[in-house]
Amino acid sequence: MSSERRTRAAIVRKFHDGSAEASDSILERALRIAPGDEDRDGALSALLQRFGNQNFSFFGGTPFHEIREIFRAISPQPHEVFCDAGAGYGHVVFYGACVAPCRFRAIEILPIRCAAMQRTAQQLGLGNVEIVEGDALTQNYDDVSYLLLNSPFFPDAAAQFIGKLAGT
Ligand SMILES: C[S@@+](CC[C@H](N)C(=O)[O-])C[C@H]1O[C@@H](n2cnc3c(N)ncnc32)[C@H](O)[C@@H]1O
């Protein structure tokens with residue numbers, strides 16, 4: 001690992017173990033999370049027309065102090081899979097990959113956000129984060145140990161999703 005990568009990982013780990021606080025913007029920079037120009041080519045409007053019942057808003061992403069509490073509470077093990085359905089730019093999975101030894105899956109419907117996550121994974125040198133570009137409603141969750149769902153759906157799609165997980 002390069003010394004730059006080590007420094008970035010150390011910022012996240014120190015925040016996680018409580019030995020040094022860091023703001024969300026410092027953590028975003030350390031994790032190489034870089035939101036792009038979302039509607040440069042009109043793709044967002046096209047997706048909104050196609051999947052009108054989905055919440056593409058990025059607002060309401062999980063803040064890092066809450067992500068820290070999640071990973072402190074669950075402490076995932078190497079054989080486990082943590083999945084974020086509606087991963088946005090990957091704040092949760094990339095933070096997790098710095099502090100937990102399990103495998104991560106980021107499912108995101110918007111191609112621009114998936115491309116940004118691919119770049120982040122490459123820059124962080126992470127091999128344990130799988131990025132799936134697709135609809136969280138149609139994925140298989142059988143191997144998932146922890147599933148994070150932070151408001152990707154409006155109520156009717158959310159009800160379908162819960163029904164799918166419950167096997168109804
Ligand atoms: C509020 S953001 C949450 C991001 C991240 N999970 C977090 O907690 O910080 C919700 C994300 O879900 C995505 N999304 C919406 N509908 C989706 C679907 N059907 N499948 C996959 N992703 C979806 C949106 O594009 C958005 O990036």
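Note: the structure precedes this text.
Now for a description of the structure that goes with this document. Predicted, not measured: the structure shown is a model, and the values here were computed from it. (Residues numbered from 1 in each chain as written. Predicted model: local features only at pLDDT ≥ 70, side-chain atom pairs only at ≥ 80, totals over all residues. Heavy atoms only, no water.)

## Observations concerning the environment of Leu148
Turning to step 1, where the next piece is worked out: By the secondary structure assignment, Leu148 is in strand β4 (residues 146-148).
Turning to step 2, where the next piece is worked out: Separated by 65 residues in sequence, Leu148 and Cys83 place their C-alpha atoms 6.2 Å apart.
Turning to step 3, where the next piece is worked out: In this structure Leu148 touches Thr62, Ile70, Phe82, Cys83, Asp84, Ala85 and Val92, once residues within four positions along its chain are discounted. (Helix = DSSP H or I, 4+ residues; strand = E, 2+ residues; numbered from the N terminus. Contact = heavy atoms within 4.5 Å.)

## With respect to helix α7 (residues 155-166)
The α-helix winds at 3.6 residues per turn, so residues separated by three or four positions along the chain end up facing the same way.
Turning to step 1, where the next piece is worked out: For α7, which comprises twelve residues, the first-to-last C-alpha distance of 16 Å matches the rise-based estimate of 16 Å (1.5 Å per residue) to within 8%.
Turning to step 2, where the next piece is worked out: Listed in full, the buried residues belonging to α7 are Ala157, Phe161 and Gly163. Looking straight down α7, one finds its buried side chains confined to an arc of 160°; they lie on one side. Seen from the buried face of α7, the exposed residues on the opposite side, beyond 90 degrees, are Pro155, Ala159 and Ala166.
Turning to step 3, where the next piece is worked out: Just past α7, the residue Gly167 takes up positive phi, approximately 75°. (Expected span 1.5 Å × (residues − 1). Buried < 20%, exposed > 50% of the residue type's maximum accessible area, 1.4 Å probe, protein only. Arc of directions from axis to C-beta.)

## Considerations on the packing of aromatic side chains
Turning to step 1, where the next piece is worked out: Taken as a whole, this structure holds eight aromatic pairs when the rule is applied.
Turning to step 2, where the next piece is worked out: What links up through ring pairs into an aromatic cluster is the set Phe15, Phe64, Phe71, Phe82, Tyr95 and Phe104.
Turning to step 3, where the next piece is worked out: The ring of Phe15 carries Arg68 above its face, with NZ or CZ at 4.1 Å from the centroid. (Phe/Tyr/Trp six-rings, centres within 6.5 Å; stacked < 30°, edge-to-face > 60°. Lys NZ or Arg CZ within 6 Å of the ring centre and 35° of its normal.)

## Re the environment of Ala30
Turning to step 1, where the next piece is worked out: Mapped onto the elements, Ala30 comes out in helix α2 (residues 24-30).
Turning to step 2, where the next piece is worked out: In this structure Ala30 comes out as buried when scored by relative accessible area, which is 4%.
Turning to step 3, where the next piece is worked out: Between the alpha carbons of Ala30 and Arg5 there is a distance of 8.6 Å; along the sequence they are 25 residues apart.
Turning to step 4, where the next piece is worked out: Residues within four places of Ala30 in sequence aside, it is in contact with Arg8, Ile11, Val12 and Leu124.

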